[in-house]
Amino acid sequence: EDRATRRPVVALLDSGCGVHPWLTDVRRHVLDGHNQPIGLTDPTTDAEGYADLYGPLDGKADLASGHGTFLAGIVRQTCPTADIVAWRLFDGDGVAPESELLRALSQIADLLESGTAVDALVLALGYYHENPAELSLGHLMAETLLRIRRAGTTVVCAAGNDSSDVPFLPAALTRW
């Protein structure tokens, strides 16, 4: 499909996307090129639908609740015609193992290589290694992100929120 004749597609790998009047057409739980769901799909752990799942159940929203919905809203405001795809990598605690991030990115790369068009993949997430010298999955993740780029998708990564020069992954992988 020609980019000039279709709506732009923006994918978010984050906390998913909740129900909102502006976001009625968001695609959730899109399958990879092998007919497997990408990311988490259990609705009982979805922080976008149940904002207080972790901690003392004190009636306050969890740390990451609403993050993906907020990002989808930003995409909708800046590009109202975009088709939005939202995959959920983490729940309200905002935590996902590095291996799960790598698995989801690999599934997304498979999907893109099978011909699905995504113009931009937003990774408004990241992490530090305990020992920056040991980037255990760094090469694997860099190679997977390169597969996504070669499929024609722009990858947008968060640079961190801590005003630090410590490598923040996956954005720090640009050197590879």
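Cut-offs applied
Residues numbered from 1 in each chain as written. Predicted model: local features only at pLDDT ≥ 70, side-chain atom pairs only at ≥ 80, totals over all residues. Heavy atoms only, no water. Buried < 20%, exposed > 50% of the residue type's maximum accessible area, 1.4 Å probe, protein only. Helix = DSSP H or I, 4+ residues; strand = E, 2+ residues; numbered from the N terminus. Pairing = 2+ DSSP bridges. Disulfide = S-S within 2.5 Å. Expected span 1.5 Å × (residues − 1). Contact = heavy atoms within 4.5 Å. Core = buried A, V, L, I, M, F, W, Y, C linked by side-chain atoms within 4.5 Å. Salt bridge = Lys/Arg side-chain N within 4 Å of Asp/Glu carboxyl O. Phe/Tyr/Trp six-rings, centres within 6.5 Å; stacked < 30°, edge-to-face > 60°.

A regular strand carries its side chains on alternate faces of the sheet. The side-chain alternation of strand E4 (residues 120–123) yields two buried faces, one formed by Ala 120 and Val 122 and the other by Leu 121 and Leu 123. One ladder, built from 3 bridges, connects strand E1 (residues 9–14) with E4; its direction is parallel. Looking across to E4, one finds that Val 10 is bridged to Ala 120.

This next bit is on the state of the cysteines. Under the criterion given, the structure shown has 0 disulfides. Sulfur of Cys 79: no disulfide; nearest cysteine sulfur belongs to Cys 17 and is 15 Å away. Counting only cysteine sulfurs, Cys 79 is the nearest neighbor of Cys 157, a cysteine outside any disulfide, at a range of 19 Å. For Cys 157, a relative accessible area of 29% corresponds to the partly exposed category.

With that settled, consider helix H1 (residues 67–78). With 12 residues, H1 extends 17 Å between its outermost C-alpha atoms, agreeing within 8% with the 16 Å of an ideal straight helix rising 1.5 Å per residue. Among all positions in H1, only Gly 68, Thr 69, Leu 71, Ala 72, Gly 73, Val 75 and Arg 76 are buried. Where H1 is buried, its residues touch E1 and strand E3 (83–88).

Here we take up the nonpolar core. Leu 13, Trp 87, Leu 105 and Leu 121 are the most contacted members of the largest nonpolar core, which totals 29 residues. Those elements that place two or more of their residues in this core are E1, E3, helix H2 (98–113), E4 and helix H3 (138–150). For this core, the element with the highest residue contribution is H2, accounting for 8 residues. Non-local contacts of Leu 13, meaning those with residues more than four positions away in its chain, are made with Trp 87, Leu 89, Leu 101, Ala 104, Leu 105, Ile 108, Leu 121, Val 122, Leu 123 and Leu 125.

Before going further, it helps to examine the pairing of E3. Of all 6 residues in E3, 5 are buried; the element is thus mostly enclosed. Sheet analysis places E1 next to E3, joined by 6 bridges and oriented parallel. Following the sheet pairing, Val 9 is matched in E3 by Asp 83. Sheet analysis places strand E2 (residues 27–28) next to E3, joined by 2 bridges and oriented parallel. Pairing of Arg 28 across the sheet is with Ala 86, part of E3.

Under the criterion given, the structure shown has 9 salt bridges. The residue Asp 46 makes a salt bridge to Arg 88 at a minimum N-O spacing of 3.8 Å. Of the two residues, Asp 46 sits in the loop between E2 and H1 while Arg 88 sits in strand E3, which places them 42 residues apart along the sequence. On the basis of relative accessibility, which here comes to 3%, the residue Arg 88 falls in the buried class.

Here the structure, examined in full by the defined rule, presents 1 aromatic pair. Look at Tyr 128 and Phe 168: their rings are 5.0 Å apart centre to centre, the planes differ by 65°, and that puts the pair in the edge-to-face class. One end of the pair, Tyr 128, is in the loop between E4 and H3; the other, Phe 168, is in the segment after strand E5 (154–157), and 40 residues separate them in sequence. By relative accessible area, which is 31% here, Tyr 128 ends up partly exposed. With a relative accessible area of 12%, Phe 168 lands in the buried category.

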